[in-house]
Amino acid sequence: MAAAVFLSHPSYIGHDTGAHPERAARIAAIERHLDETGWFGFERRESPAVARELLERCHSPEYVAAIERFCAAGGGQIDADTLVSAGSWQAALHCAGGAVAAVDALLAEGARAAFAAGRPPGHHALAARAMGFCLFNNVAVAALHALGAHGLERVAILDWDVHHGNGTNDIFHSSAEVLYASIHESPLYPGTGPASDRGSGAGVGFTLNMPVATGSGDAEFCELVDSMVIPRMRDYRPQLILISAGYDAHVEDPLAGCSVTEEGYATMTSAMRRLSEELEAPLGVVLEGGYELGALARSVAATLEALA
Ligand SMILES: [Zn+2]
């Protein structure tokens, strides 16, 4: 049977954010928990560094060079939320590279599932601006790679991170080649993603924003996946499905007010896996947020188990 692949890299520890919620211990907690529960048949691989040209398909060369220089100079605050250290450059390259390698494993090797665990997360990063803990938009880089290198015409992204993925939303706003669907708490950072934002130009109707009220949990998230995301994706017939998987809608997460549990993440993953099988569109998962270490680790394990 084709492999299921889990991608990670030791450089993630070098993205030193100090006493910040998006910290190196997140990836360590996930891996330690999976060591205890077993890896659900996933084969572990090291995320390669992303090729500069792939990064520059998503981000402006000037922006990429500015991040490189800022890290090389020792880093610091980019904005009120986003902090980098000297090691952040390598971490960010491997994080985007892990998402790209997940796509390659699915499309070139026929892997049965792929999970790219990495940091810094990506879905707030704009084409030329870091924000919200994010430097490079890992899932967007991966989607563009699927379109460019693998010749796909339709990629669908489900973003269930509790925050709206404004970066991914904007990068693909006027594109019909990527369907972006986001379930996010509102009002909450970054304040974007009303249901009325459905894309622009050729991309009208290919952005599906589903804000939910504070307190929303498994029932609300799973209902939106079943009643909105799956029918829309069935119509769209993506050739690849990516999940921008943040775990900060978890009831124990300190950064937001939703109440999803690991059972909810398992149910959403199972629903997306069935859709992936029905549409014969491989399914890849890219880590975004999730800041309560135990909840994050258990929720990632629930996702892998549902994919296995
Ligand atoms: Zn988030």
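Keep in mind the model is a prediction, meaning the values are calculated, not measured.

Peer 1: Break down the coordination of the zinc ion for me, citing the residues and quoting the values.
Peer 2: Here the zinc ion is held by Asp161 (OD), Asp161 (OD), His163 (ND1) and Asp248 (OD), and the distances to it run 2.0 to 2.7 Å. Written as a sequence motif, the donor residues of the zinc ion are D-x1-H-x84-D. Of the two residues, histidine 163 is situated in the loop between strand S6 (155-159) and helix H6 (166-171) and aspartate 248 in the loop between strand S9 (240-245) and helix H8 (262-279); the sequence distance between them amounts to 85 residues. Overall, the relative accessible area of 0% leaves aspartate 248 in the buried class.

Peer 1: Go over the layout of surface pockets with me, naming the residues and quoting the values.
Peer 2: Of the pockets and cavities examined, the largest pocket occupies roughly 170 Å³. For the largest pocket, the full set of lining residues is Ser8, His9, Pro10, Tyr12, Ile13, Ala24, Ile27, Ala28, Glu31, Arg44, Arg45 and Glu46. Elements with a minimum of two residues in the lining of the largest pocket: helix H1 (25-37) and strand S2 (42-46).

Peer 1: So what about the pattern of salt bridges? Which residues, and what values?
Peer 2: When charged atoms on two side chains of opposite charge get close, those side chains can pair. Here the structure, examined in full by the defined rule, presents 13 salt bridges. When the shortest N-O distance is used, the salt bridge between aspartate 35 and arginine 44 registers 3.9 Å. For aspartate 35, a relative accessible area of 52% translates into the label exposed. Assessed through its relative accessible area of 44%, arginine 44 is described here as partly exposed. The shortest N-O distance in the salt bridge between arginine 52 and glutamate 68 comes to 3.0 Å. With arginine 52 in helix H2 (residues 52-58) and glutamate 68 in helix H3 (residues 61-72), this pair connects stretches of sequence that are 16 residues apart. The exposure class of arginine 52 is partly exposed, given its relative accessible area of 32%.

Peer 1: Before we move on, can you summarise the packing of aromatic side chains with the specific residues and values?
Peer 2: All chains considered together, the criterion is met by nine aromatic pairs. Aromatic pair tryptophan 160 and tyrosine 265: ring centres 5.8 Å apart, planes at 45 degrees, arrangement tilted. Of the two residues, tryptophan 160 sits in the loop between S6 and H6 while tyrosine 265 sits in helix H8, which places them 105 residues apart along the sequence. Residue classification places tryptophan 160 among the buried positions, given a relative accessible area of 0%. What makes tyrosine 265 buried here is its relative accessible area of 0%. Here a set of aromatic residues connected by ring pairs shows up, and it is made of Phe6, Trp39 and Phe115.

Peer 1: Residue-level account of helix H7 (residues 218-236), with values.
Peer 2: For H7, which comprises 19 residues, the first-to-last C-alpha distance of 25 Å matches the rise-based estimate of 27 Å (1.5 Å per residue) to within 8%. Largest kink in H7: about 35 degrees, centred on valine 225. Every buried residue belonging to H7 is among Phe221, Cys222, Leu224, Val225, Val229, Ile230, Met233 and Tyr236, and all of these are buried. Looking at the buried side of H7, the elements it contacts are S6, strand S7 (178-185), strand S8 (207-212), S9 and H8.

Peer 1: Any details on the sheet that holds strand S5 (residues 113-116)? Residues and values, ideally.
Peer 2: Across the sheet, eight strands lie side by side as S2-S1-S5-S10-S9-S6-S7-S8; this open sheet has parallel pairing. Looking along the sheet, the strands with just one partner apiece sit at the ends: S2 and S8. Recorded for the sheet is a direction-independent mean angle of 15 degrees between the axes of neighbouring strands. The pairing of strand S1 (residues 4-8) with S5 spans four bridges and is classified as parallel. Across the sheet, the residue bridging to valine 5 is alanine 114, located in S5. Strands in contact with H8 are S6, S9 and strand S10 (283-287); relative to S9, the strand with the most contacts, it is inclined by about 165 degrees.

Peer 1: Tell me about the nonpolar core, and please be specific about residues and values.
Peer 2: Phe6, Phe115, Met233, Tyr247 and Met272 are the most contacted members of the largest nonpolar core, which has 55 residues in total. Per-element tally for this core: the top contributor is H7, with eight residues.

Peer 1: Hey, could you go over helix H4 (residues 88-108) for me, with residue numbers and the actual values?
Peer 2: Across its 21 residues, H4 extends 29 Å between first and last C-alpha, which sits within 8% of the 30 Å expected from 1.5 Å per residue. With respect to burial, H4 is a largely interior element, 17 of its 21 residues being buried. Where H4 terminates, the next one or two residues include glycine 110, which has phi positive at roughly 70 degrees.

Peer 1: Would you mind going over unusual backbone geometry in detail, with residue names and values included?
Peer 2: Backbone torsion omega between arginine 119 and proline 120 reads 0 degrees, so that peptide bond is classified as cis. Along the polypeptide, proline 120 turns up in the loop between S5 and helix H5 (138-148). Of note, the phi angle at phenylalanine 40 is positive, near 55 degrees, even though the residue is not glycine. Here phenylalanine 40 is to be found in the loop between H1 and S2. Residues other than glycine seldom take positive phi values, yet glutamate 280 does so here, at roughly 55 degrees. Secondary-structure assignment places glutamate 280 in the loop between H8 and S10.

Reading guide: rules and limits
Residues numbered from 1 in each chain as written. Predicted model: local features only at pLDDT ≥ 70, side-chain atom pairs only at ≥ 80, totals over all residues. Heavy atoms only, no water. Donors = N, O, S within 2.8 Å, 3.2 Å for Na, K, Ca; no water. Helix = DSSP H or I, 4+ residues; strand = E, 2+ residues; numbered from the N terminus. Buried < 20%, exposed > 50% of the residue type's maximum accessible area, 1.4 Å probe, protein only. 1 Å grid on protein atoms, 1.4 Å probe; cavity = no way out; pocket = protein on both sides within 12 Å on 5 of 7 lines; lining within 4 Å. Points joined across faces, edges and corners; volume = space filled by probe spheres on them. Salt bridge = Lys/Arg side-chain N within 4 Å of Asp/Glu carboxyl O. Phe/Tyr/Trp six-rings, centres within 6.5 Å; stacked < 30°, edge-to-face > 60°. Expected span 1.5 Å × (residues − 1). Bend = angle between axes of the 7 residues up to and from the residue. Contact = heavy atoms within 4.5 Å. Pairing = 2+ DSSP bridges. Axes fitted to C-alpha atoms, helices over the stretch in contact; angles between N-to-C directions. Core = buried A, V, L, I, M, F, W, Y, C linked by side-chain atoms within 4.5 Å.

Keep in mind these numbers describe shape, not what the thing actually does.
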